[in-house]
Amino acid sequence: MKTIQVPNKEQLSPDAQTILTSVENKMGKIPNLYATIGYSSSALKSMLETEASLAHNSSFTAKEREAINLLVSQVNECEYCLAAHTTLAKMKGFTEEDTLEIRKGSFSEGKLDTVIKLAQSIASHKGNAGSGTLENFFNAGYDEKALVELTALVALRSFTNYVYVNTQIPIDFPLAPAL
């Protein structure tokens, strides 16, 4: 099987280089996964723009979005995204124990637990959440906007999970603890 290499920024198109320079300025580094997605500047641009759009005027806080990222990465068994989003979740205020609880598909706080369960159902069942899970989500006070945004967040994280699973690039974040 072909080994996919993480490209140096200079190996990529000028558009990808510009995008990754912005990422580097913001994050202090270029994560291997972003560099690899940079093989397609269009995919990198759309991923980052979608992420930014879903953070703007969102139904979910940054902390809730990290919980969704963790849960979807666990469902998709993406070691890279589990490592990255465990690090980010801790930066957003979760403890390591919280991240493990989320990855197991639940959380002690009821409203976030509802979000996690819906994200898990969508990710596990090829988009079909199931009527009971949806009903619980709406009963918790969420609306149609939140449902569409949650579905988009699951799809976005699945994209990065799938890129990693198919490239197996080196993980450049501290590994997430095993469940």
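For the structure, see preceding data.
It should be emphasised that the depicted structure is a prediction, and the values quoted were computed from it without experimental measurement.

(A) Region of the structure containing the packing of helix α7 (residues 110–124) against helix α9 (residues 144–167). In the contact formed by α7 and α9, the axes pass within 10 Å of each other and the chain directions differ by 55°. Looking at the two axes, α7 sits oblique to α9. Read as a crossing pair, α7 and α9 show a hand that is right-handed. For the pair α7 and α9, contact is made by Val115, Leu118, Ala119, Ile122 and Ala123 and by Leu147, Leu150, Thr151 and Val154, respectively. Partitioned by chemical class, the residues of the contact of α7 with α9 number eight nonpolar, one polar and no charged.

(B) Broad picture of the pattern of salt bridges. Tallied over the entire structure, the rule returns seven salt bridges. Close ionic contact of Lys145 with Glu149 constitutes a salt bridge, the shortest N to O distance being 3.3 Å. Linking Lys145 with Glu149, this pair stays in helix α9, spanning four residues, or about one helical turn. On the basis of relative accessibility, which here comes to 12%, the residue Glu149 falls in the buried class.

(C) Representation of the layout of surface pockets. Quantified by volume, the largest pocket comes out at close to 820 Å³. Looking at the largest pocket, it is lined by 31 residues, and the ones nearest its centre are Lys26, Met27, Tyr34, Glu51 and Leu88. Those elements giving two or more residues to the lining of the largest pocket turn out to be α1 (14–27), α2 (32–37), α3 (41–55), α4 (62–75), α5 (79–91) and α9. Per element, the largest residue contribution to the lining of the largest pocket is seven residues, and it comes from α5. Grouping the amino acids of the lining of the largest pocket by side-chain chemistry returns 19 nonpolar, five polar and seven charged.

Rules and cut-offs
- Here the residue numbering is sequential within each chain, running from 1 through the sequence in written order.
- Side-chain atom pairs in this predicted model are given and counted only at pLDDT of 80 or more, local residue features only at pLDDT of at least 70, and totals for whole chains, interfaces and linings cover all residues.
- For the side-chain quantities, the full set of heavy atoms in the structure was used; hydrogens and water were omitted.
- Structural elements are reduced to axes, namely lines fitted to C-alpha atoms, with helices fitted over the stretch in contact, and the angle between N-to-C directions of any two is expressed from 0 to 180 degrees.
- Each helix is a run of H or I in the DSSP string that is no shorter than four residues. Each strand is a run of E no shorter than two, and both are numbered from the N terminus.
- Roughly parallel here means an angle under 35 degrees, roughly antiparallel means over 145, roughly perpendicular means 65 to 115, and every remaining angle is called oblique.
- Here a crossing is taken to be left-handed if its near helix is turned anticlockwise relative to the far helix by less than a right angle, and right-handed if that turn runs clockwise.
- In what follows, residue pairs with any heavy atoms lying within 4.5 Å of each other are defined as contacts.
- The residue classification treats Ala, Val, Leu, Ile, Met, Phe, Trp, Tyr, Cys and Pro as nonpolar and Asp, Glu, Lys and Arg as charged. All others, Gly included, are polar.
- Definition used for salt bridges: Asp or Glu carboxyl oxygen within 4 Å of a side-chain nitrogen of Lys or Arg.
- Working definition: with a 1.4 Å probe on protein chains only, accessible area under 20% of the residue-type maximum means buried, over 50% means exposed, and in between means partly exposed.
- For cavity detection a 1 Å grid was placed over the protein atoms alone, and a set of points counts as a cavity when a 1.4 Å probe fits there but cannot get out; an open set counts as a pocket when protein lies on both sides within 12 Å along at least five of seven lines, with lining residues being those that have an atom within 4 Å of a point.
- Grid points are joined across faces, edges and corners, and a volume is the space filled by probe spheres set on the points.

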